[in-house]
Amino acid sequence: MASQPTPASENERRDKWSTSKAANDGDVASERIFAGQGEEGEEEYVVAGPTDDSRTLERRLRLKVDLRLCTIAGILCSLNLLDSGVISSASVTSMPTDLDLTGNRFSVSIFIFTISSIAFQLPSTLAVRTFGPRLWFSFITFCFGVITMCTAFIRTWQQMIALRVLLGISMSGIYPGLTYLISTWYPRREQQTRFAFLQTGEVVILATGGIVNFGLNQLNGKGGIAGWRYMFLVQGLISMVIGLVTYFWMVDFPEEAHRSFWFLTPEEQALAVARIHADRKDVQPDPFSWGKVFVHAKDPKVYGFACMFFLLNLVSTALSYFLPIILQTGMGFDENQSILLSAPPYYYAVIPVLLSSVIGDRYRLRGPVITFNCLTLIVGFCMLGFSDQVAVRYVGTYLATGAYVSNWAALSAYQANNIVGQWKRAFTAAAVTAMNGAGGIAGSFIVRSQEAPHYLTAVWVSIGSHILIVAIVVAFSAYFRLANSLAGNGKIIIEGVEGFRYTY
């Protein structure tokens, strides 16, 4: 475990590190910062030019954080999608009959999971800062695994509803907490690619989980256990193991990185802190109070971001939970084919999410990337809803899946780039994820079995939701451009931080 950096004293000078954006060409250069004491006893910084050593240290830092944080974040966030993959795969097996999931009871099981998740998202996100990422994420992940495993032994739909409530509680802090944690580690120019890494881990594990579910379903009847029960049993056990590993693999916040196991050297930690300070000056959180959290509810930007996540999750829920059903009842594939064919669209999604995110970070584009993804999704849903050819409709699922997964990363970067302050980041992450969950509630009811094979309600709602996302992005971009112009002329200070500019 790396030791904590020693503080500067009046008789000593030590190196700290920072990264700043070059003023003229947008290139990033590392700068060495020497910290000492001024005449009033206050710490002051003298900036020297960038060196090859400083650039090498910064590259090494990014690689370490990517390998430690983005990998485990992708795995943990995949648990939510993994749950949707398990229950959607199980929905085309004997589970509905075994548990008497008639009428809209299957949709209710999804709905109730989302309600409990929304209710606990803010406290669970704040708990990441209170208890530390390693302890909190490992605890809630282990709980998630235990509850998933218990689902293998239920006998009635009422028992399933009860476990879905507990599962939503345990899952509530994972996505907003990890979004918050990642945003504290990276400057804004690097964030969308890191959110893309997170999404890549999610969708690869989800797709692989679909194939695993196919294999587990082949065990149907072995040992007197239905195939869908094997799905919950095995993936619950895997989640419990991941929960234990998380305690050692997860990292703490930058200013507390010395608490992480086998992670950064003191010099690397100083650089990590200085990079964030140079980018937006919000490394250290203010002392906690509920007032400092809820004051950010006055910012209308939070509601705009939240609305976009609501509209996005209308589609992601409809596809992730119901894709096997759409393939089976809408395209005529059998049970096993439906489970297997639901995996490839998620493997494909890795390509657009990484490509669009690299372009977004390279050119500091957020709104245009989101708009392009929205238009691609609309095309995909038109193919899915208005064509009678199975091949065309199946290709439409690729375009739609790749587009909404790409917009997860793009929207996450969009909101994280345009807010400042630790508690505001926590509040916004919880707010957008709560509205994202609300979108999941609505999305669980737009795929109507009586509308097979074209599911026109789901198609039109998905198209309309993404037209609204484009409209919000256009409005935000116009506002951000105006605010940056006023700040450049010295008329306003954005987010209370001198020199801060919106990214759009």
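In this numbering scheme, every chain counts its residues from 1 along its sequence in written order. The predicted origin of the model limits local features to residues at a pLDDT of at least 70 and limits the giving and counting of side-chain atom pairs to 80 or more, whereas totals for whole chains, interfaces and linings rest on all residues. Side-chain numbers come from the whole structure's heavy atoms, not from hydrogens or water.

## Focus: the overall build of the chain
Then, in step 1: A run of H or I in DSSP becomes a helix once it reaches four residues, and a run of E becomes a strand once it reaches two; helices and strands are each numbered from the N terminus. Along the chain, the regular secondary structure elements total 17 helices and three strands.
Then, in step 2: What makes two residues a contact is simply this: any of their non-hydrogen atoms within 4.5 Å. Residue pairs in contact within the chain that sit at least 24 positions apart in sequence constitute 78% of those at least 6 positions apart.
Then, in step 3: Note on areas: Shrake-Rupley with a 1.4 Å probe; residue coverage comes only from the protein chains shown. Carbon and sulfur atoms form 64% of the exposed surface of the chain, whose accessible area is close to 20,000 Å².

## Some details on the pattern of salt bridges
Then, in step 1: A pair is scored as a salt bridge if a Lys or Arg side-chain nitrogen falls within 4 Å of a carboxyl oxygen belonging to Asp or Glu. Enumeration according to the criterion identifies 21 salt bridges in this entry.
Then, in step 2: Here Asp-299 makes a salt bridge to Lys-424, at a shortest N to O gap of 2.6 Å. Highlighted residues: Asp-299 in the loop between helix 10 (290–294) and helix 11 (300–330) and Lys-424 in helix 16 (residues 422–446), separated in sequence by 125 residues. Grouping residues by exposure puts Asp-299 and Lys-424 together as buried.
Then, in step 3: Overlapping salt bridges bring together Glu-58, Arg-62, Arg-189, Glu-190 and Arg-275 as one network. Here's how the labels work: a residue is buried when its accessible area is under 20% of the maximum for its type, exposed when over 50%, partly exposed in between, all with a 1.4 Å probe on protein chains only.

## Section: the packing of aromatic side chains
The relative placement of two aromatic rings is captured by the distance of their centres and the angle of their planes.
Then, in step 1: The pairing test for Phe, Tyr and Trp rings, Trp by its six-membered ring, is centres within 6.5 Å, and the orientation test on the planes gives stacked under 30 degrees, edge-to-face over 60, and tilted for anything in between. The tally for this structure, following the rule as stated, stands at 27 aromatic pairs.
Then, in step 2: Relative to Phe-480, the ring of Tyr-414 lies with its centre 6.0 Å away and its plane at 70 degrees, an arrangement referred to as edge-to-face. On the criterion of sequence distance, the pair formed by Tyr-414 in helix 15 (residues 390–417) and Phe-480 in helix 17 (residues 456–488) is long-range, its members being 66 residues apart. For the residue pair Tyr-414 and Phe-480, the accessibility class agrees, reading buried in each case.
Then, in step 3: Relative to Tyr-502, the ring of Tyr-479 has its centre 6.0 Å away and its plane inclined at 45 degrees; by these criteria the two rings are tilted. Note that Tyr-479 is positioned in helix 17 and Tyr-502 in the segment after helix 17, a separation of 23 residues in sequence.
Then, in step 4: Ring pairing ties together the aromatic residues Phe-305, Tyr-414, Phe-476, Tyr-479, Phe-480, Phe-500 and Tyr-502, which thus form one cluster.
Then, in step 5: Seen from the ring of Phe-253, Arg-129 lies directly overhead, with NZ or CZ sitting 3.7 Å from the centre. Two thresholds decide whether a charge sits over a ring: the Lys NZ or Arg CZ must be within 6 Å of the ring centre and within 35 degrees of the ring normal.

## Brief notes about the nonpolar core
Within soluble globular proteins, side chains that are nonpolar generally end up buried alongside one another.
Then, in step 1: Definition of nonpolar core: a set of buried residues of the types Ala, Val, Leu, Ile, Met, Phe, Trp, Tyr and Cys, connected through side-chain atoms within 4.5 Å. By size, the foremost hydrophobic cluster in this structure holds 134 residues, and its most contacted members are Leu-69, Leu-76, Met-95, Trp-185, Phe-381, Tyr-404 and Tyr-414.
Then, in step 2: Those residues in contact with Phe-381 that sit more than four places away from it in its chain are Val-315, Leu-319, Ala-400, Ala-458, Val-459, Ser-462 and Ile-463.

## Here's the deal with the confidence of the model for the chain
Then, in step 1: Along the chain, pLDDT gives the predictor's confidence residue by residue, from 0 to 100. With 89% of its residues at a pLDDT of 70 or more, the chain shows a mean pLDDT of 85.
Then, in step 2: Low confidence marks residues 1–49, where pLDDT is under 50. Its contacts with residues over four positions away, or in another chain, come to 101 contacts.

## Description of the packing of helix 14 (residues 367–386) against helix 17
Then, in step 1: Between N-to-C directions, angles cover 0 to 180 degrees, with each direction set by a line fitted to C-alpha atoms, over the stretch in contact for helices. It is at 9 Å that the axes of helix 14 and helix 17 come closest, and there the two elements cross at 165 degrees. Judged by the angle between their axes, helix 14 and helix 17 are roughly antiparallel. In the crossing of helix 14 with helix 17, the sense of the turn from one axis to the other is left-handed. Taken together, the residues of helix 17 that come into contact with helix 14 (itself represented by Gly-367, Ile-370, Thr-371, Cys-374, Leu-377, Ile-378, Phe-381, Cys-382, Gly-385 and Phe-386) are Leu-456, Ala-458, Val-459, Trp-460, Ser-462, Ile-463, His-466, Ile-467, Ile-469, Val-470, Val-473 and Ser-477.
Then, in step 2: Following the grouping adopted for this structure description, the nonpolar residues are Ala, Val, Leu, Ile, Met, Phe, Trp, Tyr, Cys and Pro, the charged ones are Asp, Glu, Lys and Arg, and the polar ones are all others, Gly among them. A class-by-class count of the residues in the contact of helix 14 with helix 17 yields 16 nonpolar, six polar and no charged. Each angle is binned into one of four classes, with values under 35 degrees roughly parallel, values over 145 roughly antiparallel, values of 65 to 115 roughly perpendicular, and all other values oblique. Take the far helix as your reference; a near helix turned counterclockwise from it by less than a right angle gives a left-handed crossing, and one turned clockwise gives a right-handed crossing.

## Here we look at a nonpolar patch on the surface
Then, in step 1: On the surface, a nonpolar cluster with roughly 560 Å² of combined accessible area is contributed by Phe-131, Leu-135, Tyr-247, Phe-248 and Trp-262.
Then, in step 2: Along the chain, the position of Tyr-247 falls in helix 8 (residues 227–249).
Then, in step 3: On the basis of relative accessible area, Tyr-247 is assigned to the partly exposed category, the value being 30%. Patch building starts from residues that exceed 30% relative accessible area and form no salt bridge, then joins like charges within 9 Å and nonpolar side chains (Val, Leu, Ile, Met, Phe, Trp, Tyr) within 5 Å.

## Digging into the environment of Tyr-502
Then, in step 1: Exposure remark for Tyr-502: the relative accessible area of 7% places this residue in the buried category.
Then, in step 2: Expressed as a C-alpha distance, the spacing of Tyr-502 and Asn-484, which sit 18 residues apart in the sequence, is 6.5 Å.
Then, in step 3: If near-sequence neighbours (up to four positions away) are discounted, Tyr-502 is found in contact with Lys-301, Asn-418, Tyr-479, Phe-480, Ala-483, Asn-484, Ile-494 and Glu-495.
Then, in step 4: Distance and chemistry together define a polar contact, namely a pair of N or O atoms within 3.5 Å, with one atom able to donate a hydrogen and the other to accept it when in protein, and with adjacent residues in sequence counting only for side-chain atoms on both sides. Within the structure, the side chain of Tyr-502 is placed 3.5 Å from the side chain of Lys-301, a separation counted as a polar contact.

## A short note on the environment of Gly-74
Then, in step 1: For Gly-74, the position within the fold is in helix 1 (residues 52–90).
Then, in step 2: Since its relative accessible area comes to 1%, Gly-74 is described here as buried.
Then, in step 3: Residues Gly-74 and Leu-178 lie 104 residues apart in sequence; the distance between their C-alpha atoms is 9.1 Å.
Then, in step 4: If we skip the residues at most four places from it in the chain, Gly-74 touches Leu-198, Gly-201, Glu-202 and Ile-205.

## As for the packing of helix 6 (residues 174–185) against helix 9 (residues 266–280)
Then, in step 1: Interhelical geometry of helix 6 versus helix 9 gives an angle of 90 degrees and a closest axis separation of 8 Å. Taken together, the axes of helix 6 and helix 9 are roughly perpendicular relative to one another. Contact with helix 6, carried on its side by Ser-183, Thr-184 and Trp-185, involves Ala-272, Arg-275, Ile-276 and Arg-280 of helix 9 and no other residues of that element.

## A look at helix 3 (residues 105–131)
Then, in step 1: A helix is expected to reach a length of 1.5 Å times the quantity of its residues less one. Relative to the 39 Å expected for 27 residues at 1.5 Å per residue, helix 3 spans 37 Å between its end C-alpha atoms, a close match to the ideal helical length.
Then, in step 2: Along helix 3, the sharpest kink reaches roughly 50 degrees, centred on Gln-121 and followed within four residues by the proline Pro-123.
Then, in step 3: The first or second residue beyond helix 3 is Gly-132, which carries a positive phi of 95 degrees. Bend, at a single residue, is the angle you get between axes fitted to the 7 residues ending at that residue and the 7 residues starting at it.

## Concerning unusual backbone geometry
Then, in step 1: With a phi angle near 55 degrees, Asp-100 is a residue other than glycine that sits in the positive phi range.
Then, in step 2: Along the chain, Asp-100 turns up in the loop between helix 2 (95–98) and helix 3.
Then, in step 3: Phi is positive for Lys-281, close to 60 degrees, though the residue is something other than glycine.
Then, in step 4: Judged by its relative accessible area of 48%, Lys-281 is partly exposed.

## A look at the environment of Thr-71
Then, in step 1: As for its position among the elements, Thr-71 is in helix 1.
Then, in step 2: Judged by relative accessible area, Thr-71 falls into the partly exposed class, the value being 30%.
Then, in step 3: C-alpha separation for the pair Thr-71 and Trp-249, spaced 178 residues apart in sequence, amounts to 9.3 Å.
Then, in step 4: A polar contact of 3.4 Å, which involves the side chain of Thr-71, links it to the side chain of Trp-249.

## Details of the side chain of Ser-465
Then, in step 1: Residue position: Ser-465 is located in helix 17.
Then, in step 2: Here Ser-465 is in contact with Leu-311, Leu-314 and Val-315, once residues within four sequence places are set aside.

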